[in-house]
Structures are given as structure tokens and as C-alpha cells.
Amino acid sequence: CCSFTDFTPHGRCYNIPARQIAQYGWVLEYVDSRGNLRTKEGFGEAEGTKNAINIKALGDMLSHLRRPCRVHIHTDCRYLESVFKNNWLTSWAEKGWKNSTGQEIKNKDAWEAVWELAMDHELTAAYDPAHPYQGWILREIEGRAKTCQT
């Protein structure tokens, strides 16, 4: 892995009878041990809301990190940005996955998985809906969807 990583997730939801499917993609940009800029991308599919899919993409990306990293998340999801800007993940973990009103948080299982994967890393986030990787990920997802339909 690296000392600094940029992570850009993006999802596209498709309504299919009786369930909502979301395809997601992410790009990890990092500097390798020789100082070379590298990228790694991943794609997946899951059921759920935009928030749930962003959490899934984050967990998927974190599972590819092999040593402690500083990860900066570029996202088009205000919720994901808020989780890290407001330190909610740590707060939820300390409160038994309950929010400030004592209710169990939504997507608890997914956040618990992210918490386990994130423990060795420093994560920050910024709302950045115009990040260049957003468009690339969306085009890749749409291209893959067309390939699957033919």
C-alpha cells in the first residue's frame, strides 16, 4: 500500500422488480514503495440505498489495503463525508452502534465491517461530486451493465 491514498467511490442504482440493485465502483490512487503513482479499481454490486452502497464500496476498498495508510475519500455522498468529518464512526463504535438519540444506526453491519477494516488507517473525507474519477467510474459501470444485458 502506501502512506497516502485517494479513494473515490461511485454507485449507480437500477430498479429491478422486487428489489433495488446498485452497482458501484471505486478507484484507489496511491504511491508505491518506489515513488510511482499507481491506481487500483474495483467494482461490485449490492442491494440498498445510495448510503448503503457507498459504505459497501468503502469496505471493499479498505479490504485491499495491506498496511496502514492515510486515506482521503472523495465522495458525492454527503452522508459519507459527514461520518468522517464528524467522527461518527468512532462515536457509534463507542456507543454500541447507536446514534446520538440512542437508536441503532442504519446499515450497522456494514459500518461494523468498515470499522474493523479501518482501524489501522487514518480516514478523511470531502464532498467532491466533480472529482474526475466519478465520471470514469460511472462510464465503466454503464459499460459493464450494457455488456451484461447483451
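In this report, we go over the structure that sits alongside the text. (Residues numbered from 1 in each chain as written. Predicted model: local features only at pLDDT ≥ 70, side-chain atom pairs only at ≥ 80, totals over all residues. Heavy atoms only, no water.)

Here the focus is helix α1 (residues 50-62). Its 13 residues place the ends of α1 18 Å apart at the C-alpha level, agreeing with the 18 Å of an ideal helix rising 1.5 Å per residue. The buried fraction of α1 amounts to ten of the 13 residues, a majority that puts the element mostly inside the structure. Inspection of α1 places Ala52, Ile53, Asn54, Ile55, Ala57, Leu58, Gly59, Asp60, Met61 and Leu62 among the buried residues, and these make up the whole buried set. (Helix = DSSP H or I, 4+ residues; strand = E, 2+ residues; numbered from the N terminus. Expected span 1.5 Å × (residues − 1). Buried < 20%, exposed > 50% of the residue type's maximum accessible area, 1.4 Å probe, protein only.)

So, about the nonpolar core. Residues Leu58, Phe84 and Trp111 are the most contacted members of the largest nonpolar core, which totals 28 residues. Only β2 (19-31), α1, β4 (70-75), α2 (78-85), α3 (88-94), α4 (108-118) and β5 (122-127) provide two or more residues apiece to this core. Top element by residues in this core is α1. It accounts for six residues. Among residues more than four places away in sequence, those in contact with Trp111 are Ile55, Leu58, Tyr79, Leu80, Val83, Phe84, Leu89, Trp92, Trp97, Ile105 and Lys106. (Core = buried A, V, L, I, M, F, W, Y, C linked by side-chain atoms within 4.5 Å. Contact = heavy atoms within 4.5 Å.)

Turning to the side chain of Thr75, a few remarks are in order. Secondary-structure assignment places Thr75 in strand β4. Judged by its relative accessible area of 0%, Thr75 falls in the buried class. In this structure the side chain of Thr75 is engaged in a polar contact, spanning 3.0 Å, whose partner is the backbone nitrogen of Cys77. (Polar contact = N/O pair within 3.5 Å; in protein donor to acceptor, adjacent residues only side chain to side chain.)

Our next topic: the packing of α1 against α2. The relative placement of two packed helices is expressed as an angle between their axes plus a distance between the axes. Contact geometry for α1 and α2: axes closest at 9 Å, N-to-C directions at 55°. Overall, the two elements α1 and α2 adopt an arrangement that is oblique. Where α1 approaches α2, its residues Asn51, Asn54, Ile55 and Leu58 are matched on the opposing element by Tyr79, Leu80 and Phe84. Here the contact of α1 with α2 is composed, by residue class, of five nonpolar, two polar and no charged. (Axes fitted to C-alpha atoms, helices over the stretch in contact; angles between N-to-C directions. Parallel < 35°, antiparallel > 145°, perpendicular 65-115°, else oblique. Nonpolar A, V, L, I, M, F, W, Y, C, P; charged D, E, K, R; others polar.)

Below, the discussion takes up α4. Restricting attention to buried positions, one finds in α4 the residues Trp111, Val114 and Ala118. End-on view of α4: buried residues confined to an arc of 60°, all on one side of the axis. Exposed and facing more than 90 degrees away from the buried side of α4 are Asp109 and Glu116. Elements in contact with the buried residues of α4: α1, α2, α3 and β5. (Arc of directions from axis to C-beta.)

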